[in-house]
Amino acid sequence: RAIKEKHTERELLLEDQRVSKVAEEYLRENPSILEKVDECPICLEPIFDVDGAVVSLCCGKQTCKDCLQQWYAVNDTCVLCREGVPRESEVLGILLTKAAAGTAWAQCCLGSKYYHGLSGLAADKRKAESLYRKAVDQGYSIAQCHLGRLERARDNGSEACQLFEDAASQGHMNALGRVAAYYCGDEEDEVKSARLFAVSAKLQKTDPFPLVNLGYLFALGEGGLQQSDERSMYYLKLAIEENLLHPGCMVYYASALQKSAMMYYPDNEIVPSGCNSFPEALFWYRRASSAESVDSVDAKAVELFESYESKIKAMCASCYKSLTTETRKCCVECKAIY
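**Q** Which residues make up the overall build of the chain, and what values go with them?
**A** Looking only at helices and strands, the chain features 16 helices and two strands. In the chain, which comprises 338 residues, the proportion classed as buried is 43%. Contacts spanning at least 24 positions in sequence make up 51% of the contacts within the chain whose residues lie at least 6 apart.

**Q** Requested: an account of the packing of aromatic side chains, with residues and values cited.
**A** Here the distance between the centres and the angle between the planes together describe a pair of aromatic rings. Tallying each qualifying case throughout the model produces three aromatic pairs. With a centroid separation of 5.9 Å and an interplanar angle of 65°, the aromatic rings of Phe197 and Phe209 are classed as edge-to-face. You can see Phe197 sitting in helix 10 (residues 190-203) and its partner Phe209 sitting in helix 11 (residues 209-220), a full 12 residues away along the chain. Relative to Tyr235, the ring of Phe218 has its centre 5.9 Å away and its plane inclined at 5°; by these criteria the two rings are stacked. Remark: Tyr235 occurs in helix 12 (residues 229-242) and Phe218 occurs in helix 11; sequence separation between them is 17 residues. According to the relative accessible area criterion, Phe218 is buried, its value standing at 2%. Here Tyr235 falls in the buried class, since its relative accessible area comes to 4%. Linked through ring pairs, Phe218, Tyr234 and Tyr235 together constitute an aromatic cluster. One residue, Arg178, lies across the ring of Phe209, its end atom 4.1 Å from the ring centre.

**Q** Which residues make up the side chain of His172, and what are the values?
**A** Following the sequence through the fold, His172 ends up in the loop between helix 8 (157-168) and helix 9 (173-181). Residues in contact with His172, not counting those within four places in the same chain, are Phe48, Val50, Asp51, Ser141, Ile142, Cys145 and Ala167.

**Q** I'd like to hear about unusual backbone geometry, residue by residue, with values.
**A** The backbone of Leu44 sits at a positive phi, close to 65°, despite the residue not being glycine. Relative to the helices and strands, Leu44 is located in the loop between helix 2 (31-36) and strand 1 (53-55). Positive phi, normally seen in glycine, also occurs at Arg82, with a value near 65°. Within the fold, Arg82 resides in the loop between helix 3 (65-74) and helix 4 (88-100).

Criteria and cut-off values
Residues numbered from 1 in each chain as written. Predicted model: local features only at pLDDT ≥ 70, side-chain atom pairs only at ≥ 80, totals over all residues. Heavy atoms only, no water. Helix = DSSP H or I, 4+ residues; strand = E, 2+ residues; numbered from the N terminus. Buried < 20%, exposed > 50% of the residue type's maximum accessible area, 1.4 Å probe, protein only. Contact = heavy atoms within 4.5 Å. Phe/Tyr/Trp six-rings, centres within 6.5 Å; stacked < 30°, edge-to-face > 60°. Lys NZ or Arg CZ within 6 Å of the ring centre and 35° of its normal.

Shown next, in the form of structure tokens:
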């Protein structure tokens, strides 16, 4: 087992190096991205993770969220224009004034306020879309991504893909992951899809969508990637531990854990022990089943886990009573993680 763990560790290190190389090659092939992408005024790094950045309401400049938090810990002015940070009661007035003057970033921010019904505004998706379109006409990448999501929801695939591509060309790597999705299922473009997912996963951390898809591609051995359960589990675990709570992803990850456990327990029986991954698989299945829905494509996996659930209830009756889906607990008897 120690040898297998060393092998897995090496595989994941090689995967991280592979993805870094893919991202570097992509940026070299698309030099205009580095020319157009915004730069954080504090750390001076390109802001590829646009969804994780903050737009200053005084000048519209994007700043890394972590950098801005550190700045505001000792300052109460904008890092660039040195204007005071507007109070919450002033935000809507600033956005309305700047949006009326045709400022793209303000139109986009105001559109988001209307879309979600924030700052005292009634939710109005039509008004939001109108403002997004005005910002898109000026080439504002964040508005392109927002409008792309609206078009995708209407099943306007070509329009959505074009908007995501336009945003990605300006360094919006969250949008690049959405572009990659439009190449999935096409045999000729599946390699390109896997490559774009890898670039997006490496250059941004807010959207777990590329991580999930890389996990699926490695599990199936598609997209020009060699089938690898270790790499599939690596990406799926990153996704669910960071911020993805989609039940389908959790069941898929649990399926991979089950497959790993069956290498040691081919008879499919639950044998609690310190090296058995069945209990952790059951933990993620319970999390998935407590969500609103479980993907129908995972129906077979769900059926298997339900049978394992009943088995472990019988074998671990005394421990099972104290287990919850909220936290993983370690059994005092067998040390298995539930």
